[in-house]
Amino acid sequence: MTKNQALNTREISKIVFKKGELVKEVEELSGENLFGCYQCGTCSAGCPFVEDMDLLPDEVIRYVVLDRREVLNSKTIWLCASCYTCAERCPRDINITKIMEALRQIILRRKIDYTDVLKIPKKERETIPQLAFVSLFRKNIG
Amino acid sequence: MPNQDYNQKIHHDLGIPLQDNYFLDEPEEIIQIKETPVVEGIAEAHVESVEKEKKVVYADTLIIGAGISGMQAALDIADKGYKVVIIDKTSTVGGSMVKLDKTFPTNDCSICTAAPKMVELARHPNIQLITYAEINKLDGEKGNFTAWIWKKSKYVDPDKCTGCGDCAEVCPVEVVNPFDEKISTRKAIYIEFPQAVPIVYTIDVEHCVGCGSCDRVCEAEAISFLEKSEEIEVHIGSIIVATGFEVFEPIELRREYGYGKYENVLTAIQFERLLSSFGPTDGKILRPSDGKKPKRIGWIQCVGSRSEQLGYPYCSRVCCMYATKEASIVKESNPDIDITIYYMDIRAYGKDFQQYYEHAKKLGVKYVRGRPSSVYENKDKSLTIRYKNTLTGEIKEDRVDLLVLSTAIIPSKSNKKLARILGVDVDENGFFKQDSLLTNPVQSTRKGIYLAGCIQGPKDIPDSVSMASGAAAKAVAHVKDRERHVGREFPPERDVSEEKTRIGVFVCHCGKNIAGFLDVEKVTEEAKKLPDVEYAEHVMFACSEDTSRKIRDTIRDKQLNRIVVAACSPRTHGPLFQDTLLEAGLNKYLFEMANIRNHCSWVHSDDWSKATEKAVALVKAAVAKVRLLEPLTEEEFSITPAVLIIGGGVSGMKAALALADMGIRSYLIEKEKQLGGRLRHLYTLFPSDVKAKDVIDPLIEEVNKNKLVDVMTEAELVDIDGFIGNYNGTIRYRGRMRKIKFGTIIVATGFREIDLRGKYQYGINTNILSQTELEEKIKKGILRKPRSVVIINCVGAMDEERPYCCRIGCGVSIKNAKLICERFPDSKVYILYRDMRVFGKEEEEYYADVLKNYHVVVIRYPGDRKPEVILDKNNPKHGSVNVKVYDDILGEELMLPADLVVLTINTEGEVFTEALKNMLKIPADSAGFFLEAHAKIRPLDFATDGIYLCGAAHYPKNLVDSIAQAEGAASRAAIPIMQEHMRGEGQVAEVNEDLCSGCRTCESICTYSAIEIKPRLDDTDRLVATVNTALCKGCGLCAGACPSGAIEQKGFKTKQIEVMLEALLQEM
Amino acid sequence: MQKRILYYPGCTLKTTAKNLEKTAYAIMQALGYELVEMHDWNCCGVVASLTTDDLMHHLAPLRNLIHVEDQGEDKVVVLCDMCCNTLKQTNLRVKENPDDLKTLNAFMDRENDYKGTVKVYHFLEFLRDEIGFDVIKKMVKKPLHDMRIMPYYGCMLLRPREVAIDDAEDPQILSDLLTILGAEVIDNPFKIECCGSYHTIEEKQLVSRRAYRITSYAVERGADAIMLSCPLCHFNLDVRGKEAEKLFKGYKQIPIYYYTQLISVALGLDPSVYGFDQHMVDPTLLLKKKGVLHTRKIEI
């Protein structure tokens, strides 16, 4: 976990799912049917950020299907940059990008932020293009 | 074919003046045309530009498409005596099968298995073959159709063209070759492939520049730019559509694999062309980029198949097997090449497929479960494949020198247009729609029009051939009362027994194929010198129409009584020459061929004098043998016009009805009290919600009502004797014996589940059921609501005891998962599988639907680490259990609680396979499934004539495939009956009873069960071998095996072979 | 008389990507168009909202589209890839879900209703489809001779497919542009891979590794420079790419150009607009070496 991360695993373990099951909430938020996944591995193979991930994208889907809430503790869902490569190539037409977003939203909507804004150094705030910040806030802060 | 060398001038007297400039060098300029010729209908455009010369043909069935399916259907119908018109839009028959190098799982050479059917088709008196033709319009209804065919002109006279190939050598235009799937070029005048039937060159008029070079070099003067295209009106009673498929090219969709961008990425069918001995590389595996042999080859499966986006949703059914085949062929001959196949599931579902797959793994082919995301090219034009190995969890990049994409089988682009013309429907993917997927798969949506082969959906060759026979049966039903013509008429045979031996020798030039490499004149001269040779002549093409006539006239004029033709292989034109003898009034067995082409000029093309010497020797040997040949007779038998069908399940019943539609009587015997077979125990049928009883009850009613079907339930065959056409059987029918006579037999005995005892605590805990038991409970409504259901697939399958796949298990498990979930929406269902083999039409879509709509979780387990059912110690008999399973993909062991466990059990042959084996003398494998004559092109026949096979008795299969096979078997069984008479083989084995010791060697070795050891008629203490000439095929195995030389094969007797050897050895 | 075309800048175009904006203005002027910055624009709300129930995050992009309509226009050109993608996705969402549009319109009671008439163009799209590359070709004064350039697309131009401006697996628009500018194209399978996007804030090293992966393939094949269109990609490949030199021995980051800068150079426009000073890796050295850079505007 990175320095700036303010994620609290204890808080995550207290999350109660609206529909009782993790997979049902993910399906509702993303609009995708995770059970159609064949575990072919195409998404993970095409993902540019797999090097740093603890769970690979296809494993994330599998964890959700098997109702394992540990997936919410993974670094993977925060490493996803919504580049859509997985969604474009998936033979089952599953939009994994939306699934990752749904998983993030499940955490963020319970007021658990991934990024602590105050921890970002001043120098970077001045040099990095604003659009990076806007995207970051959108993705990592509730 | 060997390269033709024009620098060698041949002087021969042909009546054509030869001048220096007649043999042109390679054309100075080659005009290259980049686009692929469209082999589509340009029919409409030409209709107006031609004078209306009406040609009308009256026949019984029209078959559109002359691939393996079309050819099979045509032969089935024509053999019954009906007239067939068969058309193909290319200039030859053969279809896609001839593009393959070898076929799985037997690794037979594809063209070698297809070519005999092609030649038979072209020569069959009841078949009119029209190539380079398409259907333009159709009118009428079942029993009475009129079709208008547009026959495009090839601009080459088929009666004159001999297929020598001179024209193609000098043609200056090169076009991308669609036969080689665009990886090579061909000329504007061409034949598709060397074994094309008819062997007539065709001018691709779209690209011909009209230079006339071909005309100038054609010695047979076959080119005619004045040959017109014409419209032919055909009147038939029924139609079969067998136009096959195309292969998906990932040019617009699935571009991430680099096809079309990177040179070393090919589709699988392009790779087949590389493997093929008559392909662009003569069978050598070479990389397109540098022409060198690759060190590493990779296959990516499911490109464009099983795709809900950017592709097609269905499974293409054959790619897993053809990739395994291509990989194992390459690995066998090149063990140093590194091979990997990247897959999602390996669908090795058919007979011997699983074993073939295991064998490939043993050869060293690597299988990686992981679908690659993308492919990119490296500096040396090798390719890097990026994938996740889902069984190890690693993301990897592999480098290969050559990448083969197993792309989807897609409907032909012209399907929609053809469907419109025929007035039939296509399904949402573009394949032709069947009347009912489950109950009437061969019938299209218009009565009188039937489907055969891949036009209905992807399938392999045995399934196509079975379906084609099924279509033939249905097509014949509409024309069954029409006149039939079986066999040909010949003048009476001359008795040569008192004549002095007068031998005629005909030495063939075969254009330049023989005459270009050895001195045919010298061979002829030497032949003349041999004793008893009254006449010797060399001819340009012995097989041509006019030479056949010449041979016939010469036989008559010179009163010849033994003929030698020195030319090609007897497999090519043997029967043709034999017919010529018959036309001349001579027994056809007084004939011998000397193969001076395949065995001489083709393999010794570099040594003129030695080749000539060898040819002379071969002719001498042939003459020596023919001198000793005797006329042989073929026994004729009449046929009892009835069929015995053993087994009253769906297959048996459908076969009975198909036979009845053709006007043929059948005896349908069933051991149970009622008809129906396994379907009586099932609830629904996948891939749908159709209830089994809605299928079986109407069928039983129809069968019972049908006057041509004699139904006997509680009946068993206890004794049988006789042979094809003349069987006498004893049936124990409800306790009493009944004797019946019949001509042919169909075995439709089905299968049964293997013994489940000892597997997964079955029998110990009451919550562990088989799939059938589950269905019975659901049918009766007595299934208690389960909280958690675990279905275990592949029980008793693909293990040491039974190495085969049960084929239908995956489908059944998914269907039953759906049944449980529909009734109990809160239940959680898990399916534990090894490979998900849902390959049939609509099955993949059904599978995806069930997973998504019912939230079924599928878990893959490895074959060497099977799940375990753990009983509750406190309540082992009735309590819930835990299922321990190793999830192959997550790499974790899971413990699943279950209050219902369902086992998908493997099957084996029915209980009386043994009894039937002995009674009918038919073979079965170790699992009790019967062995067909040839795995690929004769899946419904036994090697023993007169007995046929269908349904699960052959191998477990679902309803659709069973019905297609049943109707196919009916067609096959009807052929001898419709022929009414049968001729046996002439060159049969003959026993010299004085020399026979009754050792039984020949009986055990005979593949056709034609030999029986019986007491000698005049000395009953002695046992001797007796040959049933009706069953003997003249293969010679017995003659070779007999230790005392008592059994000889007529036409290949010891003395006859000895003189050949003497003649050959004299030369040395 | 110059043709007017409404322009949506977005935040970054006014700060770190000022050079992109200035060169775009200059190009449009040379082509006979006037880029008119739209009235009362707000942050586009990058990135597009992905959950089914989230309408809140569509408000910001929608408001911009409403203001385009307010200004009597049905076309708006966007320079920033990410803004363009976000606006297009919202546009598509409301067009396909009229109920959502009703809700959004009702919520923004101080704004006019969005009628769905606006077409959002990426600047590249506009150049290709509305103006035509051949028009630009005719105006090329200083072809980029001897320059071997790798085109880079990133994600936002191509994915998701519904809003893509070119084929998602093998796009050609930047290659075509490079060809008419006279440069040699070094094609690269990594041209469509994500640069790392906003991870540049918290996962700098990851982005550096991405920059290395994307660029090294082309560098191996002799690329001198990269041409791209997105301001964030530019930062990631330029600044973080330079940092990658510390991680990978022997790696030298090549200069990164916006396509508008290269068009400006090729068209011989006023050098003051180029804005090469904003780059981390100095792009002028290469241009000078190839004899393409000039210091005065070339008079026609």
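Before any of the text, the structure's been laid out above.
The rules we used
- Residues numbered from 1 in each chain as written.
- Chains lettered and ligands numbered in written order.
- Predicted model: local features only at pLDDT ≥ 70, side-chain atom pairs only at ≥ 80, totals over all residues.
- Heavy atoms only, no water.
- Helix = DSSP H or I, 4+ residues; strand = E, 2+ residues; numbered from the N terminus.
- Rg over C-alpha atoms; globule rule 2.2 N^0.38 Å.
- Buried < 20%, exposed > 50% of the residue type's maximum accessible area, 1.4 Å probe, protein only.
- Areas by Shrake-Rupley, 256 points an atom, 1.4 Å probe, with all protein chains shown as cover.
- Lys, Arg positive; Asp, Glu negative; His and termini not counted.
- Charge placed at Lys NZ, Arg CZ, Asp CG, Glu CD.
- Pairing = 2+ DSSP bridges.
- Axes fitted to C-alpha atoms, helices over the stretch in contact; angles between N-to-C directions.
- Contact = heavy atoms within 4.5 Å.
- Buried area = accessible area lost by both parts, 1.4 Å probe.
- Salt bridge = Lys/Arg side-chain N within 4 Å of Asp/Glu carboxyl O.
- Parallel < 35°, antiparallel > 145°, perpendicular 65-115°, else oblique.
- Left-handed = near helix turned anticlockwise from the far one by under 90°.
- Nonpolar A, V, L, I, M, F, W, Y, C, P; charged D, E, K, R; others polar.
- Polar contact = N/O pair within 3.5 Å; in protein donor to acceptor, adjacent residues only side chain to side chain.

Draft legend 1. A look at the overall build of chain B. Check the secondary structure of chain B and you find 25 helices and 54 strands. For 1068 residues, the compact-globule estimate of 2.2 N^0.38 gives 31 Å, and the C-alpha radius of gyration of chain B, at 31 Å, lies within 12% of that figure. Each principal axis of the C-alpha distribution contributes one length, and for chain B these read about 100 × 80 × 60 Å. Relative to its 1068 residues, chain B shows a buried fraction of 60%. Of the roughly 42300 Å² that chain B leaves accessible, carbon and sulfur atoms contribute 48%. Side chains of chain B carry 140 positive and 156 negative charges; the gap between the two charge centres is 5 Å.

Draft legend 2. Molecular detail of the sheet that holds strand E7 (residues 127–131) of chain B. Residues and elements named next belong to chain B. The sheet built from five strands is open, its strands ordered E7-E4-E3-E15-E26 with parallel pairing. Edge positions in the sheet fall to E7 and strand E26 (449–451), since each of these pairs with one other strand and no more. Taken pair by pair, the neighbouring strands of this sheet meet at an average axis angle of 20°, ignoring direction. Direction of pairing for strand E3 (residues 61–64) relative to strand E4 (residues 84–88): parallel, over a ladder of four bridges. Counterpart to Ile-64 in the pairing with E4 is Ile-87. The strands that helix H2 (residues 68–79) touches are E3, E4, E7 and strand E15 (238–241); relative to E4, the one it contacts most, it runs at about 170°.

Draft legend 3. Structural context of the environment of B:Val883. All names here are of chain B. Take Val-883: it is sitting in strand E45 (residues 881–887). By relative accessible area, Val-883 is classed as buried at 0%. Linking Val-883 and Lys-55, residues 828 residues apart in sequence, is a C-alpha distance of 72 Å. Those residues in contact with Val-883 that sit more than four places away from it in its chain are Val-790, Ile-792, Leu-832, Pro-867, Glu-868, Val-869, Leu-894, Met-895, Leu-896, Ala-898 and Val-901.

Draft legend 4. Region of the structure containing the interface of chain C and chain B. Between chain C and chain B, the contact holds 11 residues from the first and 11 residues from the second. Both sides together, the interface formed by chain C and chain B hides about 940 Å², and carbon and sulfur atoms give 46% of it. Considering only the surface of chain C that becomes buried against chain B, C:Glu169, C:Asp170 and C:Arg213 emerge as the three largest contributors, covering 38% of it. In this structure, the connection of chain C to chain B is made through five salt bridges.

Draft legend 5. Structural context of the packing of helix H16 (residues 650–661) of chain B against helix H17 (residues 692–705) of chain B. Residue and element names in this part refer to chain B. Two elements in contact, H16 and H17, have axes whose closest approach is 10 Å; the angle formed by their N-to-C orientations is 45°. It follows that H16 is oblique to H17 by the angle criterion. Of the two possible hands of crossing, H16 and H17 adopt the one that is left-handed. For the pair H16 and H17, contact is made by Val-650, Met-653, Lys-654 and Leu-657 and by Ile-696, Leu-699, Ile-700, Glu-702 and Val-703, respectively. Looking at the contact of H16 with H17, its residues break down into seven nonpolar, no polar and two charged.

Draft legend 6. Geometry of the pairing of E15(B). Residue and element names in this part refer to chain B. The alternating pattern of E15 places Ser-238 and Ile-240 on one face and Ile-239 and Val-241 on the opposite face, and all of these are buried. Taken together, the four bridges between E3 and E15 define a ladder with parallel strand orientation. What sits directly across from Ile-63, in E15, is Ile-240. In this sheet, E26 lies alongside E15 in parallel orientation, the contact comprising three bridges. What sits directly across from Ile-239, in E26, is Ile-449.

Draft legend 7. Fine view of the pairing of strand E36 (residues 726–733) of chain B. Residue and element names in this part refer to chain B. With eight bridges connecting them, strand E35 (residues 715–723) and E36 associate as antiparallel partners. When the bridges of E36 are listed, Gly-722 appears paired with Tyr-727. Taking the residues between adjacent antiparallel strands as the criterion, E35 and E36 are bridged by two residues, where Gly-725 takes a positive phi near 90°. By the bridge criterion, seven bridges tie E36 to strand E37 (residues 736–742) in an arrangement that is antiparallel.

Draft legend 8. View of helix H4 (residues 57–65) of chain A. Along H4(A), nine of the nine residues are buried, which leaves the element largely enclosed by surrounding structure. Positive phi appears at A:Asp67, one or two residues downstream of H4(A), with a value of about 60°.

Draft legend 9. Inspection of the interface of chain A and chain C at higher detail. Chain A puts 44 residues into the contact, and the matching count from chain C is 45 residues. Carbon and sulfur atoms supply 58% of the area buried between chain A and chain C, which totals about 3900 Å² over both sides. Between chain A and chain C we count six salt bridges in total. Residues A:Asp52 and C:Arg209 are paired through a salt bridge, measuring 2.7 Å at the closest nitrogen-oxygen approach. Taken together, the links from chain A to chain C amount to 21 residue pairs in polar contact (both at pLDDT 80 or more).

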